[in-house]
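# Structural features, examined
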Amino acid sequence: METDAVTLDEVDRSLVHALQIDGRASFRTIGQALGVSENTVARRYRRLRTTGVLRVIGTFNGARLGYSAWTIRLRCTPDAAGSIATALAKRTDTSFVHLLSGGTEISFSTQTRSNDESDASLLHQLPRTARVTAVSAHLLLDHYVLPHHWTGLASLTPVQAAILTPPPSDDSPVDLGDGDQNLLSALARDGRASHAELAAATGWSDSTVRRRIAALRRAGVLSFLVDIPSAALGFRAEARLWMTVQPSQLTTVGAAMANHPETSLVAMTTGPTNLLAAVNCRDTQDLSRYLTERIASLDAIRTMETAPVIRTFKRAGTLLLPPRPQPG
């Protein structure tokens, strides 16, 4: 079902925000925070989940284990961009695969274990065709805001949010074992999979699954991300901003942009530009105002390239299939 066919009301939006705070919170706890019944929460979640609007995804924070995060830009001929983006979205090591800039550019994210692996996976394994005209890889050096902290999802009061807020991670030491990969893979498919389902995927007992999820979350290795198209929330103009900022003001600008409700990602990067932002606006006029008012007021930004998102092939580990043709 297409996003436009589903309308989110106040309860739906509150549910989305609740899941952003804790993607594995029980329906009972969410109901207590929202002031509605457990059955209402379960029914609303299943509706959004079944229609393909909402998913909760378990995400792996590789930085805690020495991984590096990258964003890659591919420039392609228009006839090749769709097929290349589809191929990239099917890979298990990619996320946030977008078609940009009139259908001639693809951006996507990935994590790699080492510099040697970065060279291999990011350059040598990319599609080799004359229709890819340029490739650039940008190492993410620091984040000022990440998608799971995007304030555009916010609708709960601080008191409601406090009911749902899990204990903060304490960076406990952790080593991943063979079963952890199966656990993380299962949670990447469905972050709200039951303990019984996760036990079947790992070969562990329910209690072991429960303890391991808690340990990985406590160590900051595992977190949960709400996977929902911004259009479902009324944000129909997405863009990526590639900015060159005066180095002495980079942290100041990044922190300022992190407070903008339009931004779901602000990160310092390597490359010809040094700051990347993902922006979500209500429409193109709203995007224009954001660029000419909020961004224009940040004097330390020297250059900026704006790349509109034309189509999203994959968000947080979720392959997005094209909508089925409607019968004539």
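What counts and how
Residues numbered from 1 in each chain as written. Predicted model: local features only at pLDDT ≥ 70, side-chain atom pairs only at ≥ 80, totals over all residues. Heavy atoms only, no water. Pairing = 2+ DSSP bridges. Helix = DSSP H or I, 4+ residues; strand = E, 2+ residues; numbered from the N terminus. Axes fitted to C-alpha atoms, helices over the stretch in contact; angles between N-to-C directions. Contact = heavy atoms within 4.5 Å. Buried < 20%, exposed > 50% of the residue type's maximum accessible area, 1.4 Å probe, protein only. Phe/Tyr/Trp six-rings, centres within 6.5 Å; stacked < 30°, edge-to-face > 60°. Lys NZ or Arg CZ within 6 Å of the ring centre and 35° of its normal. Core = buried A, V, L, I, M, F, W, Y, C linked by side-chain atoms within 4.5 Å. Parallel < 35°, antiparallel > 145°, perpendicular 65-115°, else oblique. Nonpolar A, V, L, I, M, F, W, Y, C, P; charged D, E, K, R; others polar. Salt bridge = Lys/Arg side-chain N within 4 Å of Asp/Glu carboxyl O. Polar contact = N/O pair within 3.5 Å; in protein donor to acceptor, adjacent residues only side chain to side chain. Arc of directions from axis to C-beta. pLDDT = per-residue confidence, 0-100.

### Some points on the sheet that holds strand S9 (residues 275-281)
As summarised here, the arrangement of the eight strands in space is S2-S4-S3-S10-S7-S9-S8-S5, forming a closed barrel in which the pairing is antiparallel. Averaged over all pairs of adjacent strands, the angle between their axes in this sheet comes to 35°, without regard to strand direction. Here strand S3 (residues 95-100) pairs with strand S4 (residues 105-112) via four bridges, running antiparallel. Within S4, the residue paired with His 98 across the bridge is Ser 107. On top of the sheet, helix H11 (residues 284-295) reaches strand S7 (237-245), strand S8 (263-269), S9 and strand S10 (301-314); it is set at about 20° to S7, its chief contact.

### Notes on the pairing of S9
Taken across its seven residues, S9 has seven buried, putting it largely inside the fold. Taking every second residue as pointing to the same face, both faces of S9 are buried, with Leu 275, Ala 277, Val 279 and Cys 281 on one and Leu 276, Ala 278 and Asn 280 on the other. Of the pairings in the sheet, the one linking S7 to S9 comprises seven bridges and is antiparallel in character. By the bridge assignment, Leu 241 is partnered in S9 with Ala 277. Where S8 lies against S9, five bridges are found, and the strand directions are antiparallel.

### Some remarks on the packing of aromatic side chains
Enumeration according to the criterion identifies three aromatic pairs in this entry. Between Phe 27 and Tyr 45 the ring centres are 5.6 Å apart and the planes differ by 50°, which places this aromatic pair in the tilted class. Remark: Tyr 45 occurs in helix H3 (residues 38-50) and Phe 27 occurs in helix H2 (residues 27-34); sequence separation between them is 18 residues. Given the relative accessible area of 17%, Phe 27 is considered buried. Relative to Tyr 67, the ring of Phe 60 lies with its centre 5.2 Å away and its plane at 85°, an arrangement referred to as edge-to-face. Lying over the aromatic face of Trp 242, Arg 73 brings its terminal NZ or CZ to 4.2 Å of the ring centre.

### Structural notes on the nonpolar core
Proteins that are soluble and globular tend to have nonpolar side chains buried together. If you look at the biggest cluster of nonpolar residues, it comprises 41 residues, and the most contacted ones within it are Leu 8, Leu 15, Leu 19, Ile 30, Leu 198 and Ile 228. Counting only elements with at least two residues in this core, the list comes to helix H1 (10-21), H2, H3, helix H7 (178-189), helix H8 (195-202), helix H9 (206-218) and strand S6 (222-227). The residues contacting Leu 15, other than those within four sequence positions of it, are Ile 30, Leu 34, Val 41, Arg 44, Tyr 45 and Leu 48. Counting 24 residues, the second largest nonpolar core, distinct from the first, contains Met 243, Val 266, Leu 275 and Leu 291.

### Concerning the packing of H2 against H3
In contact at an axis separation of 8 Å, H2 and H3 are set at 110° when each is read in the N-to-C sense. With respect to their mutual orientation, H2 and H3 come out roughly perpendicular. For the pair H2 and H3, the contacting residues are Phe 27, Arg 28, Ile 30 and Gly 31 in the first and Glu 38, Val 41, Ala 42, Tyr 45 and Arg 46 in the second. Of the residues in the contact of H2 with H3, the class split is five nonpolar, one polar and three charged.

### A short note on the pattern of salt bridges
Enumeration over the complete set of coordinates arrives at 14 salt bridges. The partner of Asp 79 in a salt bridge is Arg 131, with the nearest N and O atoms 3.4 Å apart. A residue pair is termed long-range when its members are at least 10 positions apart, and Asp 79 in helix H4 (residues 78-89) and Arg 131 in the loop between helix H5 (115-124) and strand S5 (132-145) qualify at 52 residues. A salt bridge links Asp 93 to Arg 91; the nearest nitrogen and oxygen atoms lie 2.8 Å apart. Residue class for Arg 91 comes out partly exposed when judged on its relative accessible area of 22%. The structure contains a network of salt bridges with shared partners spanning Asp 9, Asp 12, Arg 44 and Arg 47.

### Some words on the pairing of S7
For S7, a buried count of seven out of nine residues is recorded, marking the element as mostly surrounded by other parts of the structure. The pairing of S7 with S10 spans seven bridges and is antiparallel. Counted as the bridge partner of Trp 242 is Glu 305 from S10.

### Focus: the environment of Ser 207
Positionally, Ser 207 belongs in helix H9. C-alpha of Ser 207 to C-alpha of Ala 196: the two residues are 11 residues apart in sequence and 9.4 Å apart in space. Engagement of the side chain of Ser 207 in a polar contact is seen with the side chain of Ser 205, the distance being 3.1 Å.

### Considering helix H10 (residues 250-258)
Within the sequence span of H10, burial applies to Leu 250, Val 253, Gly 254, Met 257 and Ala 258. Seen from one end, H10 has its buried residues packed into an arc of 135°, which puts them on one side. On its buried face, H10 sits against S5, S7, S8, S9, H11 and S10.

### Some details on the confidence of the model for the protein chain
Mean pLDDT over the protein chain: 89, with 90% of residues reaching 70 or higher. For the protein chain, the element scoring lowest by mean pLDDT is H5, at 52; H2 scores highest, at 98. Note on residues 323-328: pLDDT under 50 across the span, and one contact to partners over four residues away in sequence or across chains.

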